[in-house]
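Residue-level structure breakdown
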Amino acid sequence: MKKSPPATFHPVSTPDFLPRERLEELQLQRLKAIVRRAYDHVELFRKRMNERDLEPGDIRSLADVAKLPFTVKTDLRDTYPFGLFASPMKDIVRLHASTGTTGKPIVVAYTREDIGVWENVMMRSFAACGLHAGDVIQNAYGYGLFTGGLGAHYGAEALGATVIPISGGNTQRQLMVMKDFGATAICCTPSYFLHLVEQAPELGIRLKDLPLRAGVFGAEPWTESMRRRIEAESGIKAYDIYGLSEIIGPGVAMECRCQSGPHIFEDWFYPEIINSETGKLCADGEEGELVLTTLGKQAMPMIRYRTRDITALASEPCECGRTLRRIKRIGRRSDDMFIIRGVNVYPSQIETALLKVEGTLPHYQIILTRDQGLDEVEVQVEVTRDVFGDTIGAVDQVRHNLCKSIESLTGLRVNVRLVQPQTIPRSEGKAKRVVDQRKM
Ligand code: DLL
């Protein structure tokens, strides 16, 4: 039997409902302090401020944020490992790192106070989607240098929930534990949850019969169509949580029960949207690159960090009553895009196109190749056993529908290869959607 979530307001969520004026006062007070801290302790930031003839005292209003220099990922790489720290090592209680796909990892640091902020935003994240003390949260984000595991862990404990610190992987054990321990919520990447959904019947488990009612899914782009598939197949509510190591880890933004885009915890993270090319600010509602400033991070303040995540800010009120602005679901990163025969394509567009077609499974991979100087795309997608068992004509029809669906969404003609269920490699963490064989 699914437990129904309580309708009561959770006291930890109070900051989510601050009047905007009060929130902005708090932001400004924190902004001034963090700019001062970065200026006093981070050489790179001080240098950039001096180049602009700026001092911390020049920041007098929130609009003045726009005067500050940006920080980019290569700044973290160039100063590897500890060059952007604003605290001495004796005050740093935790390090995490993000490996990325190329080169050196980036290292991030936390003081005890920073861990407190992280715990607070994660606790508010869980509360936002209706979780509370008494819930049993299976935490299948990886524990280790990745921020997902420990970030969710501390927040769930602080909420008073029971945490199962199972980490990622070992799918059979995940399912056994989920059933035997009566997990009511799960935290993992949406792609890994789909893998759990697919494996459950093999262990004779029907997810719809378990007490599991919520999934806190993030760390990778996923689409609204993917959410619908997840919810239909598992009977749970799927919530989108956003975050990145450079800013804190998970808990920068989280969806409430209205599921209409993650609310940014603006009391700790100051968001801006910019045009990636010009660096100019975009208005609310306009799509661009998300830029975040940490308002409280002591060990490693991030000023105007360019996330490369593409989204838009929504300032319309949410039915939940939170005053925190929301971001549009992050479907793409500016560096995710691939250009094929002059057409810009994002993996999330392909995902949306695929999931529109009946008979497909939500497992796919995009293979990029180059043949005699010409770029080619092959989309491999799993289809149900029924499709495979059907006549050749019916299989061709599904393939044709997929090609059309992709072409109408992206403007690109691609080759589609239908594959048997469970042939595309599954990931325990972030799914690898694009395999670029052009440079291999
Ligand atoms: O993925 C932190 C995290 C852990 C978030 C668990 C949510 C849940 P990184 O490994 O540094 O940190 O990767 C950050 O992942 O810039 C986005 O491109 C992407 N990302 C994270 N959450 C979402 C999401 C963690 N909900 C990068 N939707 C970010 C889309 C997401 N992309």
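See the structure printed just above.
Definitions and limits used
Residues numbered from 1 in each chain as written. Predicted model: local features only at pLDDT ≥ 70, side-chain atom pairs only at ≥ 80, totals over all residues. Heavy atoms only, no water. Pairing = 2+ DSSP bridges. Helix = DSSP H or I, 4+ residues; strand = E, 2+ residues; numbered from the N terminus. Core = buried A, V, L, I, M, F, W, Y, C linked by side-chain atoms within 4.5 Å. Buried < 20%, exposed > 50% of the residue type's maximum accessible area, 1.4 Å probe, protein only. Contact = heavy atoms within 4.5 Å. Axes fitted to C-alpha atoms, helices over the stretch in contact; angles between N-to-C directions.

1. What about the sheet that holds strand β11 (residues 288-294)?
The sheet built from 4 strands is open, its strands ordered β10-β11-β12-β15 with antiparallel pairing. This sheet does not close on itself; its edge strands, each paired only once, are β10 (269-274) and β15 (332-333). One ladder, built from 2 bridges, connects strand β12 (residues 305-311) with β15; its direction is antiparallel. When the sheet's bridge partners are listed, isoleucine 310 is paired in β15 with arginine 332.

2. Focus: the nonpolar core
Grouped together as the largest cluster of nonpolar side chains are 78 residues, with contacts concentrated most on Val35, Phe45, Phe126, Leu131, Tyr242 and Phe269. For this core, the leading source of residues is helix α4 (residues 112-128), giving 9 residues. Not counting residues within four places of it along the chain, the set of residues in contact with phenylalanine 45 comprises Val35, Ala38, Tyr39, Leu68, Pro69 and Ile303. Core analysis: the next-biggest nonpolar cluster, separate from the first, contains 27 residues, Leu175, Met178, Phe217 and Ala238 among them.

3. Here's the deal with the sheet that holds strand β19 (residues 374-383)
Pairing within the open sheet is mixed, and its 4 strands lie in the order β20-β19-β18-β21. Here the strands that pair on one side only, and so sit at the sheet edges, are β20 (415-419) and β21 (434-436). Neighbouring strand axes in the sheet, compared pairwise and without regard to direction, differ in orientation by 20 degrees on average. Bridge count for β19 against β20 is 5 bridges, and the pairing is parallel. By the bridge assignment, valine 379 is partnered in β20 with valine 416. Contacts from helix α9 (residues 347-355) reach β18 (360-371), β19 and β21 within the one sheet, and its direction differs from that of β18 by about 135 degrees.

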